[in-house]
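A structural walkthrough
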Amino acid sequence: AAMHLERLAAPPAPAAGAPLDAVEVLARFVAMRDVRGATTACGAVAKARFDDRVVESARAFEVALDALALATAREGGDALGARAARVIAACARGRRFREDAFGSRAATRCAAAFAERRRGEGAATASALALAAIGSEESFEALVVLVRSGIGAVAFETPSSALEYAYAYAYGVAAERASGTAAASALLEAWERVDVGDEYAVLRKCLFGGQSLRRVLESVVTGGAVPKANADVVVAACAKDGRCGAVYVLSAMYRSSVALNDEAMRASCGVALMRSVGVLERWIACTARDPSLEARAFASVSTISACLDMDGQNGPLQSVRAVVARATCKIFALMNVSLLQSLARGRDPREASRILEDLTTSPIYMNAHFIAEAVSRDDGLDPRQSLPMLMEFSRNVYDTAQELAASECAGWTDTLDNSVVRAARANIYDFALITLKNALRGRLEAHVGDAMFVLSHLEFARSTSLEYAQVLGALATLLNSLPSSSDAPAAMAFLASLPELAGDAWRGDKILGARMHLILRLLPFALSKFTTPRIIVDVCPYVRRCCDHEAKHVVKAAHVAYVGIFHARPELNGQLFPDYLRMSLERYPASTPLEPLVAAVGLVTKFGEAGSELALFVARELSEKVKNMDAAPPTMSSEDPPVEPLRRLLFQLVTLVDFPLIPVIQDILEDAVLDSSDPFTRARRHETLAYTVMRCPDYARKPMIVDWVMQMNSKL
């Protein structure tokens, strides 16, 4: 018996119930010329079409032919005809059908007549599948006619259509006659359709159709359904064929040859695929859009990356990894290019989002992680090539994203479909991150600057992932392991990654803000590695400017960096902390985050140098700020107004300062409690102070300050 190729890829589940009963139901609806009822009934038969009771049933075959004839004659018969054609395709592979020459001719005529008149709802591809499954000279000739009539325009409208088209090709390749191979070659014409203008819809469908073809053909060849002689003929023909479809076939054959350990076929396919390098090089160098060349480049990236996944370290395709990586970078850079073109042409944001979605939901974007691993793992890319490539790519994506975020474009950009933009950016970042991670393996210290350049320029696009945590963790560990106070080369390379903050526009720049945020988060790990002049001259002024950014998360990261400075260099606290505290209190609560401020005050107060009176300065500044906030009219209703955390921080000082300073601090705090003329307010502040003192863990000072609090009670 002939083989059902569909069963090789996914063995069908046993049919439920009695499928021949469904055939009789279909027969009744066909006899009544009821297209709607026949469509439903034929769906039930189609689901059971691989059941041997249907495959070997003359009745099922005849009723399916009648249903196909009804669909051809009546309007609205596309869905009915598509389902009937699928049943005919299944029956055509049965033992009984092989001996039925009359049935073969009848099925060919019916399928060809239906395809001539119907193209919607999978009708054309189901007809193509039926003609290919019949497998006669006449059916293959009819299939070629069908292809020439323009079936390619609807070949990939749905995933099921693409699969049917792929199986039609596979039946042609597996056929025992030359007409099958010729029909299969004709089917490759479907991938020669290209987009017009700035669209990417056709390209997207063709890429998904190519994936279906590669997977189907790979399963058919490895399953033993294609004779070796046929496979060799197909490889030789596709090696000379410049069409996109041929690249998908070669990819399937290459992967199959690896699975089957067929070195001769692998070598032939490898040589043919290597010719795609020229296509990629031409497309990379191309400055204007060439849809035909672009389609071949996309197909080459999709197929060669799939082959590299199975190639091994010494495979014949290793030398093309760098070119595939460069082409992939250009494909991902098209995201912002597409948006800028839509903006320049005055398109509505909704239309621009649709075009972008067609581009960025194609297989290359959706398989970004897979492609990155395929081209870069196992030292597949030379860091001397890959790192400059990634730096150029990240700079391009960053610059074009800033163009889109510029004030004159912001209104248009903000109304784009954010889910589409965010998902596309995440895929772009995923590719760059995986490629960077593999390029840096074992080489991070020598390339800290390069790594920070790529990561910081793409931080605005990043998504949370395990690899992201691993790369940042490796950077933090490396920075932390450098020699202290040495200005080591790796530390200086990290410092050089700080972006320039010129003018005033940077304060509201969200793209630049993301870049600053990443560097500020890693800065605490490097602070102890710089010399004192470097901290004073380069680091502190920069962190201070970052506190002026409009984004709260950037400001908070800058304050955390300040805490890191005070922790790493306590000898500089007397010089650096007063300016920090004045700036922080001046901007509290508008922009200064409370948690880092509390941490900074705690550090310099508790761990200050012996004899330092910095704690007194802190107490006086805090007391003054609290008094000013108490005197100001309330700006918001809250159970815990912003002044209260600051008051608690002020009261906390008495539990932290050196013993010689306690009496002076007590005087400042007592004044802070009693300066109100309202007895209720004084009592509430005293209660807060008492609560703070009672929580003091230092039992050497606790009795003294508790007595002081109790004595103050008489002054309320």
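The structure we're discussing is the one just above.
Everything in this summary refers to the structure shown in the same document. (Residues numbered from 1 in each chain as written. Predicted model: local features only at pLDDT ≥ 70, side-chain atom pairs only at ≥ 80, totals over all residues. Heavy atoms only, no water.)

1. As for the overall build of the protein
Counted only if it meets this: By the criteria applied, helices consist of DSSP H or I runs no shorter than four residues and strands consist of E runs no shorter than two, each listed in order from the N terminus. What the globule rule says is 2.2 Å times the number of residues to the power 0.38, and the radius of gyration is computed from C-alpha atoms. Should any heavy atoms of two residues lie within 4.5 Å, those residues are considered in contact. In this tally, Asp and Glu contribute negative charge and Lys and Arg positive charge; neither His nor the terminal groups of the chain are included. The location of each charge is read from NZ of Lys, CZ of Arg, CG of Asp or CD of Glu.
Check the secondary structure of the protein and you find 38 helices and zero strands. Rg of the C-alpha trace for the protein: 36 Å, well past the compact-globule value of 27 Å for 716 residues, more than 25% over. At a minimum sequence separation of 6, the contacts of the protein that also span at least 24 residues come to 75%. A gap of 4 Å separates the mean positions of the 78 positive and 83 negative side-chain charges of the protein.

2. Side note on the pattern of salt bridges
Under the convention used in this document: Salt bridge, as applied in this entry: a Lys or Arg side-chain nitrogen positioned within 4 Å of an Asp or Glu carboxyl oxygen. Only protein chains enter the accessibility calculation, which uses a 1.4 Å probe; a residue is then buried when its area is under 20% of its type maximum, exposed when over 50%, and partly exposed in between.
Counted under the stated rule, the structure contains 43 salt bridges. Ionic pairing is found between D241 and R243, a salt bridge with its closest N-O pair at 2.7 Å. Across the pair D399 and R395 runs a salt bridge whose closest N-O atoms are separated by 3.6 Å. With D399 and R395 both in helix α23 (residues 383–405) and four residues apart, this pair spans about one turn of that helix. A relative accessible area of 33% means that D399 is categorised as partly exposed.

3. Quick look at the packing of aromatic side chains
This is how it is decided: Two aromatic rings from Phe, Tyr or Trp, using only the six-membered ring of Trp, form a pair when their centres are within 6.5 Å; if the ring planes differ by under 30 degrees the pair is stacked, by over 60 it is edge-to-face, and anything between is tilted.
Throughout the structure, instances matching the rule amount to 14 aromatic pairs. Plain terms: the ring middles of F156 and W191 are 4.9 Å apart, the flat faces sit at 45° to each other, and that makes the pair tilted. Remark: W191 occurs in the loop between α12 (178–187) and α13 (201–222) and F156 occurs in the loop between α10 (137–148) and α11 (159–174); sequence separation between them is 35 residues. Comparing F156 with W191, the two get one shared label, buried. A ring pair is formed by Y562 and F566, whose centres lie 5.8 Å apart and whose planes are at 20°; its orientation type is stacked.

4. Details of the packing of helix α14 (residues 228–240) against helix α16 (residues 263–274)
Quick note on the threshold: Each axis is a line fitted through C-alpha atoms, taken for helices only over the stretch in contact, and angles between the N-to-C directions span 0 to 180 degrees. With respect to orientation, any angle under 35 degrees is reported as roughly parallel, any angle over 145 as roughly antiparallel, any angle of 65 to 115 as roughly perpendicular, and every other angle as oblique. Crossing handedness is read from the near helix: turned anticlockwise from the far helix by less than a right angle, it gives a left-handed crossing, and turned clockwise, a right-handed one. When residue character is reported, Ala, Val, Leu, Ile, Met, Phe, Trp, Tyr, Cys and Pro are called nonpolar, Asp, Glu, Lys and Arg charged, and the others, Gly included, polar.
Closest axis-to-axis distance for the α14/α16 pair is 9 Å, and the angle between their directions is 15°. Compared by their axis directions, α14 and α16 come out roughly parallel. As for how α14 packs across α16, the hand of that crossing is left-handed. Residues A231, D232, V235 and A239 of α14 touch α16, and the partners they reach there are M265, S268, C269 and A272. Here the residues of the contact of α14 with α16 are counted per class, giving six nonpolar, one polar and one charged.

5. Regarding α23
The α-helix advances 3.6 residues per turn, and as a result positions three or four apart in sequence lie on the same side. Rules: In a helix, the anticipated span is given by 1.5 Å times the number of residues less one.
The first and last C-alpha atoms of α23 sit 32 Å apart over 23 residues, in line with the 33 Å expected at 1.5 Å per residue. Along α23, the residues classified as buried are P383, S386, L387, M389, L390, F393, S394, V397, Y398, T400, A401 and L404. Residues of α23 that are buried make contact with α19 (321–344), α24 (407–414), α25 (418–440), α26 (448–457) and α29 (510–522).

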